[in-house]
Amino acid sequence: MIRTCYSWIHTLILASQYNPPRFVELIMLGMALIMLTISTFIADLPYLVLGLSFVVGASASILVREAIAPTPQSRVTKITALLLLVVSIYGFADLFKLFISFT
């Protein structure tokens, strides 16, 4: 059990040292997944806004990174990042529409 945990920690350390921007994007998308899951079960607005913000930030970072230094799977990565960006902006627009209807 301890060796498994040590292996996971060692893998995370190597990933953060090998490609820090991608590691930060991975952490942001993981946090977004957690926040959006919490907002689904609790139905609390701050978790939804924070999760969508993480998605917008991570997808913008991915698009900038791919524009600066393209990778072999650049096309798939860009399409996925654009899809995430469009869905999260649509989520923000829906929240804005909901906010306007309450006022």
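The following refers to the structure shown. No experiment lies behind these values; they were computed from the predicted model shown.

So, on to the environment of Val87. Mapped onto the elements of the fold, Val87 is located in helix α4 (residues 74-102). The sequence separation of Val87 and Val55 amounts to 32 residues, and the corresponding C-alpha distance is 9.2 Å.

Here the focus is the packing of helix α2 (residues 20-42) against helix α3 (residues 45-68). Two elements in contact, α2 and α3, have axes separated by 8 Å at closest approach and are oriented at 155°. When the interaxial angle is binned, α2 and α3 end up roughly antiparallel. Of the two possible hands of crossing, α2 and α3 adopt the one that is left-handed. Looking at the contact of α2 with α3 residue by residue, the classes come out as 16 nonpolar, 4 polar and 4 charged.

Turning to α3, a few remarks are in order. Helix length check: α3, at 24 residues, gives a terminal C-alpha distance of 35 Å against a target of 34 Å (1.5 Å per residue), a fit within 8%. Within the span of α3, buried status applies to Gly51, Leu52, Val55, Ala58, Ser59, Ile62, Arg65 and Glu66. Contacts made by the buried residues of α3 are with α2 and α4.

Note that Ser39 resides in helix α2. When near neighbours in sequence (up to four residues on either side) are disregarded, Ser39 contacts Asp44, Tyr47 and Leu48.

Following the criterion strictly, the structure yields 2 salt bridges and no others. Across the salt bridge formed by Arg65 and Glu25, the nearest N and O atoms sit 2.8 Å from each other. Linking Arg65 in helix α3 with Glu25 in helix α2, this pair joins segments that are 40 residues apart in sequence. For Glu66, the salt bridge goes to Arg65, with nearest N and O atoms at 3.2 Å. Accessibility assignment for this pair places Glu66 and Arg65 in one class, buried.

How each quantity is defined
Residues numbered from 1 in each chain as written. Predicted model: local features only at pLDDT ≥ 70, side-chain atom pairs only at ≥ 80, totals over all residues. Heavy atoms only, no water. Helix = DSSP H or I, 4+ residues; strand = E, 2+ residues; numbered from the N terminus. Axes fitted to C-alpha atoms, helices over the stretch in contact; angles between N-to-C directions. Parallel < 35°, antiparallel > 145°, perpendicular 65-115°, else oblique. Left-handed = near helix turned anticlockwise from the far one by under 90°. Nonpolar A, V, L, I, M, F, W, Y, C, P; charged D, E, K, R; others polar. Expected span 1.5 Å × (residues − 1). Buried < 20%, exposed > 50% of the residue type's maximum accessible area, 1.4 Å probe, protein only. Contact = heavy atoms within 4.5 Å. Salt bridge = Lys/Arg side-chain N within 4 Å of Asp/Glu carboxyl O.

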